[in-house]
Amino acid sequence: MLNRYVRIRILMRLLRYLNPIEHLGEKKYSFIFPFITNLSICLLSEVYSYKMVKNPMAVGAYIIFVNVALIIYFSFRSGIIGGLTATVITVFYYVYIIFTRHYQGTMLYSGLLTTAILFVLYASISFTIGWLKQIIDSLIEREANEKNRLRSVVQQLPVGIVIADKKGKIEITNRKLDTILGQKRHGHSGMGSTLIAAEVQSNGSVSNAQSPLSLALTTGKPVTDKEFIITRPDKKVVYLRVSAAPIRSRRGDTIAAASIIDDITQQKEIEKRKDDFVNIASHELKTPLTSMKIYIESLRRRVQELNDDQAHKILQRIQIQTDKLQELVNDLLDVSRIQTGKLQFTKDEFVLNDLISEIVEGFAESEKKQVIVYSGKTPIRVLADRFRIYQVVTNLLTNAIKYSPPGSAIRIVTKRQDNRAIVSVADSGIGIAKEQQKKIFDRLYQVTEPKEKTFPGLGIGLYISKEIVKRHRGSIWVESQKGKGSTFYFSLPLQKEY
Ligand code: ADP
């Protein structure tokens, strides 16, 4: 005998076969099943009347209910064909009854008339319900086609893609994802498995809740450019950049989310080589530069004795250029210190305003092209690395001078706000477009536009400033409009006692 499990499975299959909803979208409109079923019901009805109750007239109104139910069922299960097959067999059965029971006179007439009316009624039920079913089928098919189209587009994309439903069950992934991950994923489901890629394989360093896909699903907000490091099954370490965005219904509810996974290992390797180069070059340049400065100093003393104006001027220029070179090398050294986590700070208590006044005075002596106005001089005491804050302010001022026209004003303001000291440096220069404003704090980033004048520089000043401010638990930001000038701000937290 069949065991219980097999029996349950057979029963489930049978129920699924009989359930008309299971057949929605199939677009298979067969007449065989309705034909066999309706014929069997008619035969059963005959057996009932002739063999069981032994009264041919016992086929009563109940048969009409059974027939109507069958016509509705088959119209919904097998479309117009199913409904009409049931209708035709039913009507033939009614005619068969009329003739086998020998209806005469008015009974024959009313029997035939009723059959004709029922035929029209049954046919319209079949047409209406069958037509509705076929429309639903077409809609379901259209949706499936669209899904397939999306699936094939997703397959061709050069980045890894994961699309998950509202519950986090993965619905679509592509080949590129398998290549990036170095493995094939099979039928994962549930929120946990949405953390594939960076998410699943980071060996616990990224929790489920932090995965961009989960975040997009739970918060309904996009997550951009999160970087992850994973170790693939073949032990290769891969850097990934992952972004995710929610997919919303027309009503605005989050119904799914999509995540884009990009392999940025090569890019990272190039960056690392660049970093190594900057690191080595800046260290190698430091020693000869220090010696050069010592030689220039002793040469300056000798030239002074010679009283040669021309030689003195040339030497002065050499000195200025060497100082610039040293600043550059120092900046490069700072960059490599930041990269290796070796940027050191010595914090002291000092009055921020005094430092800024000092810097402004220094600039006023050397730079005559712009007017530097410093206001907001209520003393603010801070606990910070004086030299590093000097570096930040100097960098913002140098930029303001560099990127604004001669003769324009540069305004510096210091103020205290919500337990923070805020310094702002405003110029009326070339300004920075909105989309560049975040990037300018990145390492080696410079705004370059084809039509614009190019300015000398390495694009590391703001990067160093950002790191310094960040390490003081402050923040740095810019407000700017292209062509209308920029205002750079940085804040430093104030200790309670100040
Ligand atoms: P650098 O000035 O050496 O290029 P920074 O890191 O100091 O490097 O600045 C990065 C970029 O930000 C600059 O190349 C410039 O495009 C932009 N920038 C910085 N300050 C200003 C400013 N005050 N006005 C307009 N653009 C600026």
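Presented here is an overview of the structure given in this document. (Residues numbered from 1 in each chain as written. Predicted model: local features only at pLDDT ≥ 70, side-chain atom pairs only at ≥ 80, totals over all residues. Heavy atoms only, no water.)

## Considerations on the site of the ligand
To be explicit about the condition: Definition of nearness: a residue and a molecule or strand are near each other if at least one heavy atom of the residue lies within 4 Å of the molecule or strand. Nitrogen and oxygen atoms within 3.5 Å of one another constitute a polar contact, given that in protein one can donate a hydrogen and the other can accept it, and given that sequence-neighbouring residues count only through two side-chain atoms. Computed with a 1.4 Å probe, the accessible areas rest on the Shrake-Rupley method; for each residue, only the protein chains presented here act as cover. A run of H or I in DSSP becomes a helix once it reaches four residues, and a run of E becomes a strand once it reaches two; helices and strands are each numbered from the N terminus. Put simply, Ala, Val, Leu, Ile, Met, Phe, Trp, Tyr, Cys and Pro go in the nonpolar bin, Asp, Glu, Lys and Arg in the charged bin, and everything else, Gly too, in the polar bin.
Taken together, 21 residues surround the ligand, and among them Asn-399, Tyr-403, Asp-427, Gln-446 and Leu-462 come closest. In this structure, an oxygen atom belonging to the ligand sits 3.2 Å away from a main-chain N or O atom of Val-447. Ser-486 places a polar side-chain atom, nitrogen or oxygen, 3.4 Å from a nitrogen atom of the ligand. Protein coverage of the free-state accessible area of the ligand, which is 530 Å², stands at 96%. Of all the elements in the fold, those that place two or more residues in the shell around the ligand are helix 11 (386-402), helix 12 (461-471) and strand 12 (486-493). The element that contributes the greatest number of residues to the shell around the ligand is helix 11, accounting for four residues. The class makeup of the residues in the shell around the ligand is eleven nonpolar, eight polar and two charged.

## Focus on the side chain of Ser-49
Definition in use: Contacts are assigned to residue pairs that have any heavy atoms within 4.5 Å of one another.
Checked against the element boundaries, Ser-49 lands in helix 2 (residues 32-52). Apart from residues lying up to four places away in sequence, Ser-49 is in contact with Lys-54, Asn-55, Pro-56, Ala-58, Val-59 and Arg-101.

## Quick look at the packing of helix 9 (residues 309-339) against helix 12
Applied cut-off: A fitted line through C-alpha atoms serves as each axis, taken over the contacting stretch for helices, and the angle formed by two N-to-C directions is quoted from 0 to 180°. Working definition: roughly parallel below 35 degrees, roughly antiparallel above 145 degrees, roughly perpendicular at 65 to 115 degrees, and oblique for all remaining angles. Handedness of each helix crossing follows the sense of rotation of the near helix against the far helix: counterclockwise by less than a right angle gives left-handed, clockwise gives right-handed.
Between helix 9 and helix 12, the shortest axis-to-axis distance is 10 Å and the interhelical angle comes to 50 degrees. Judged by the inter-axis angle, helix 9 sits oblique to helix 12. Here helix 9 runs over helix 12; the crossing is left-handed. From helix 9, Asp-331, Asp-334, Val-335, Ile-338 and Gln-339 reach across to helix 12, where they touch Tyr-463, Ile-464 and Glu-467. Grouping the amino acids of the contact of helix 9 with helix 12 by side-chain chemistry returns four nonpolar, one polar and three charged.

## Section: the environment of Leu-70
The condition that has to hold: For the exposure calls, accessible area comes from a 1.4 Å probe over protein chains only, and a residue counts as buried if that area is under 20% of its type's maximum, exposed if over 50%, partly exposed in between.
Tracing the backbone shows Leu-70 in helix 3 (residues 62-100). Leu-70 gets classed as buried once you look at its relative accessible area, which sits at 13%. Along the backbone, Leu-70 and Gly-407 are 337 residues apart, and their C-alpha atoms lie at a distance of 93 Å. Those residues in contact with Leu-70 that lie beyond four places of it in its chain are Thr-37, Asn-38 and Ile-41.

## Notes on the pairing of strand 3 (residues 223-231)
To keep things clear, this is the line we draw: Here the rule is simple: two strands pair whenever DSSP picks up at least two bridges between them.
Bridge analysis of strand 3 against strand 4 (residues 237-248) gives seven bridges, and the strand direction is antiparallel. Looking at strand 4, one finds that Ile-229 is bridged to Tyr-239. What sits between the antiparallel neighbours strand 3 and strand 4 is a turn of five residues, in which Lys-235 has the positive phi angle 75 degrees.

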